[in-house]
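Each chain is listed here by its residues.
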Amino acid sequence: MNQLDALKQFTTVVADTGDFLQLAQFRPQDATTNPSLILKAVQKSEYAPLLQETVAQWRGRDLTEVVDRLLVRFGCEILATIPGRVSTEVDARLSFDTSATIARAERLIELYQAQGVHIDRVLIKIAATWEGIKAAEKLEQRGIHTNLTLLFSFAQAVACGQAKVQLISPFVGRIYDWYKKQAGASWDEAAMAGANDPGVQSVRAIYHHYKHFGIATEVMGASFRNVGQITALAGCDLLTIAPDLLAQLAATDAPIVRALDADAARAMDLPAVQYDEAGFRYALNQDAMATEKLAEGIRAFAADAAKLDQLLLAA
């Protein structure tokens, strides 16, 4: 059994890509996209017709609507390949606007439903700002399920659990990147690998908290830099993995053991934690890594969303 198949015994494997032509070989349950992945996909020659068709069909409509229709077109193609759910992201430029996030999420769901896609097969990705979490809370109450992304801190995870969101995507690789950069020449790659990786430790702490306190929100580790980070989180509810790392897992048969266990988490002695808005903002402010990576992530996704706008205008 290769590592990918072995991992699927413990964890739901999700493909992190907009390139739906790659999906079948890995047989993931779900798939996730984001503005950067869709931007990367639409610039490939094999997806040029899809871009041109969408623009031609909806030319003259508001640009944001054309973008959403393109995102949904990709989502529908992905759903034709996988048995589970696809995550489609709200424009990162709305990350601090609760009402606009809700409106954009509702339109995405309406567009999916117009294509015959059941609401339970779509997760709306929203940045885990306070405003984003509040939007997700309202959407969940309306039956629209959400995936809170750009999640770097325990405080963000706690607030998402309180809001009863469907799923969170704590970022492993970007946390690792920050600590490695901070350490500079003193970084010891071997010593900080596996269970000692700061990104892995962040996801483990969140997983233990959720399982210990019976929080139903699903934990999906995301943003991996190497296979070791993935195998160190075997047993997590879900892991979303880029195609190159899925290929690496499929190419080796090294053993994998369960690293996270819900029963073990329930037996731990952990303090109860809750946040109101002021407490959340202060806790996030006190975490330099999370503050910096959240801001950086929103800027990067917003920039890619703007580039996608330009591609559509030029098509």
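Keep in mind it's a predicted model, so treat the numbers as computed, not measured.

### Here's the deal with empty space enclosed by the protein
Now for step 1: All told, the structure shown has three cavities of 30 Å³ or more when counted by the stated rule.
Now for step 2: In this model, the largest cavity occupies a volume close to 100 Å³.
Now for step 3: Elements supplying a minimum of two residues to the lining of the largest cavity: helix 4 (63-79), helix 5 (98-114) and helix 14 (288-314).
Now for step 4: Here the lining of the largest cavity is built from residues that sort into seven nonpolar, no polar and six charged.
Now for step 5: Volume-wise, the second largest cavity comes out at about 50 Å³.
Now for step 6: Looking at the second largest cavity, the residues that line it are E89, V90, D91, A92, L94, S95, T101, I126 and A127.
Now for step 7: For the lining of the second largest cavity, the class distribution of residues is five nonpolar, two polar and two charged.

### Re the pattern of salt bridges
Now for step 1: Summed over all chains, the structure comprises 23 salt bridges.
Now for step 2: Here R104 makes a salt bridge to D68, at a shortest N to O gap of 2.7 Å. Of this pair, R104 sits in helix 5 while D68 is found in helix 4, placing the two residues 36 residues apart along the sequence.
Now for step 3: Here D68 falls in the buried class, since its relative accessible area comes to 2%.
Now for step 4: For E218, the salt bridge identified is with R85, shortest N-O distance 3.0 Å. Placement of E218 in strand 7 (residues 218-221) and of R85 in the loop between helix 4 and strand 3 (86-89) is noted, with a sequence separation of 133 residues between them. Like R85, E218 is buried.
Now for step 5: Within the structure, one salt-bridge network assembled from shared partners comprises D30, R85 and E218.

### Description of unusual backbone geometry
Now for step 1: Of note in the backbone geometry, K164 takes a positive phi value of approximately 60° without being a glycine.
Now for step 2: Relative to the elements of secondary structure, K164 occurs in the loop between helix 7 (154-162) and strand 6 (167-170).
Now for step 3: On the basis of relative accessible area, K164 is assigned to the exposed category, the value being 64%.
Now for step 4: Phi at S223 is positive, roughly 60°, even though this residue is not glycine.
Now for step 5: Taking the relative accessible area as the measure of exposure, S223 reaches 10% and is therefore buried.

Thresholds, definitions, all that
Residues numbered from 1 in each chain as written. Predicted model: local features only at pLDDT ≥ 70, side-chain atom pairs only at ≥ 80, totals over all residues. Heavy atoms only, no water. 1 Å grid on protein atoms, 1.4 Å probe; cavity = no way out; pocket = protein on both sides within 12 Å on 5 of 7 lines; lining within 4 Å. Points joined across faces, edges and corners; volume = space filled by probe spheres on them. Helix = DSSP H or I, 4+ residues; strand = E, 2+ residues; numbered from the N terminus. Nonpolar A, V, L, I, M, F, W, Y, C, P; charged D, E, K, R; others polar. Salt bridge = Lys/Arg side-chain N within 4 Å of Asp/Glu carboxyl O. Buried < 20%, exposed > 50% of the residue type's maximum accessible area, 1.4 Å probe, protein only.

Note that every value here comes from positions in space, so none of it alone points to a role or purpose.
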